[in-house]
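# Residue-level structural notes
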Amino acid sequence: MAILPIYLFGSSVLRKKAKPVDQLDNALIKLVYDMTETMHKAHGIGLAANQVGELRQVIVVDMTAVEESEREEGNDHEESSVKVKERKTLVLINPEILSKGGTFTMEEGCLSIPEVRADVTRPESIRLKFKDVNFNEVELETGGLLARVLQHEVDHLKGILFIDYLSKLKRASLKSTLRAIEKGEVDASYPIVVGAEA
Ligand code: NI
């Protein structure tokens, strides 16, 4: 497994649409494991392939982190997860959100936009389908933090970032920070790629 550098805000790959995966091959399995390792290294709760420069519809979510946050709610996501270094990872290939319900505001951040956090309002619960790491079709209905993370990551695959949802005012207040990120003037604890034109 390898730690991949994470593309920062300003890199064009973050604004492109990822393509559906049509088959499970060794390259895809390697990507899933590398993304998982990279997510752990960066202490992220989720990571989309665009963020490591790959335009394929692949997402990994650190279910150990999700469950640590959700423990009191008694949610369980045992199926379709793999364990890497004793942390459970939910792998989603070709995810598609089928329906959404409610609204909920929660603070978000993104490994591609270090040091920026902001409240984002999104649907509270979602139903989605995807292929798991064995390329089996899975349908999942979920709410709370997992629904939040999944919507953020599915957006990445469409070239959408959480800052796109912010008010003009909030966006203006982040302007200099975002410009600094585009120039790579950030302290990240993980390898990064700055302003890449893919
Ligand atoms: Ni993100």
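Throughout, residues of each chain are indexed from 1 in the direction in which the sequence is written. Where local features are concerned, this predicted model is filtered to residues with pLDDT of at least 70; where side-chain atom pairs are given and counted, the filter is 80 or more; whole-chain, interface and lining totals use all residues. Computation of side-chain values covers all heavy atoms of the structure but excludes hydrogens and water.

## Notes on the overall build of the protein chain
We count it as follows: Starting at the N terminus, helices and strands are each numbered in turn, a helix being any DSSP run of H or I of at least four residues and a strand any DSSP run of E of at least two. We compute the radius of gyration over the C-alpha atoms and compare it with the globule rule, which gives 2.2 Å times the number of residues raised to the power 0.38. Each residue's exposure class comes from its accessible area (1.4 Å probe, protein chains only) as a fraction of the maximum for that residue type: buried when under 20%, exposed when over 50%, partly exposed otherwise. We call two residues contacting when some pair of their heavy atoms lies within 4.5 Å. Here the Shrake-Rupley method, with its probe set to 1.4 Å, supplies the accessible areas, and only the displayed protein chains count as covering residues. Residues scored as positive are Lys and Arg, those scored as negative are Asp and Glu, and His as well as the terminal groups of each chain are ignored. Charge positions are represented by NZ for Lys, CZ for Arg, CG for Asp and CD for Glu.
Per the secondary structure count, the protein chain includes five helices and ten strands. The globule rule puts the C-alpha radius of gyration for 198 residues at 16 Å, and the 16 Å found for the protein chain is close to it. Counting only C-alpha atoms, the protein chain reaches 45 × 40 × 30 Å along its principal axes. Taken over 198 residues, the protein chain has a buried fraction of 50%. Taking contacts inside the protein chain between residues at least 6 apart in sequence as the whole, the part at least 24 apart equals 70%. Summed over its atoms, the accessible surface of the protein chain is roughly 9700 Å², and 47% of this surface lies on carbon and sulfur atoms. Counting 26 positive and 32 negative side-chain charges, the protein chain places the centres of these two groups 7 Å from one another.

## Description of the coordination of the nickel ion
For clarity, the cut-off: The rule for donors is simple: an N, O or S atom within 2.8 Å of the metal counts, and for Na, K and Ca the reach is 3.2 Å. Water is not among the atoms, so a site may look short of donors.
With distances of 2.1 to 2.3 Å, the protein atoms coordinating the nickel ion are Cys110 (SG), His152 (NE2) and His156 (NE2). Every donor residue of the nickel ion comes from the same chain, spaced as C-x41-H-x3-H. A residue pair is termed a helical-turn pair when its members lie 3 or 4 positions apart in one helix, as His152 and His156 do in helix H3 (residues 144-157) at four residues. Classification of His152 by relative accessible area gives buried; the value is 7%.

## Description of the layout of surface pockets
Quick reminder of the rule: Using protein atoms alone on a 1 Å grid, points that fit a 1.4 Å probe yet trap it form a cavity, whereas open point sets bounded by protein on both sides within 12 Å along at least five of seven lines form a pocket; residues with an atom within 4 Å of a point count as lining. Grid points are joined across faces, edges and corners, and a volume is the space filled by probe spheres set on the points. Gly falls in the polar group here, along with every residue not listed as nonpolar (Ala, Val, Leu, Ile, Met, Phe, Trp, Tyr, Cys, Pro) or charged (Asp, Glu, Lys, Arg).
Counted as a void, the largest pocket has a volume near 470 Å³. In terms of lining, the largest pocket is formed by 24 residues, of which the most central are Ile45, Gly109, Cys110, Leu111 and Arg117. For the lining of the largest pocket, the residue count by class is eleven nonpolar, seven polar and six charged.

## Side note on the packing of aromatic side chains
Applied cut-off: Any two rings among Phe, Tyr and Trp, with Trp reduced to its six-membered ring, count as a pair given centres within 6.5 Å; such a pair is stacked if its planes are under 30 degrees apart, edge-to-face if over 60, and tilted if neither. Put simply, a charge is over a ring when the Lys NZ or the Arg CZ is close to the ring centre, within 6 Å, and near the line of the ring normal, within 35 degrees.
Counted under the stated rule, the structure contains zero aromatic pairs. For the cation-ring pair, Lys131 lies above Phe135, with the distance from its terminal atom to the ring centre recorded as 5.4 Å.

Keep in mind these numbers describe shape, not what the thing actually does.
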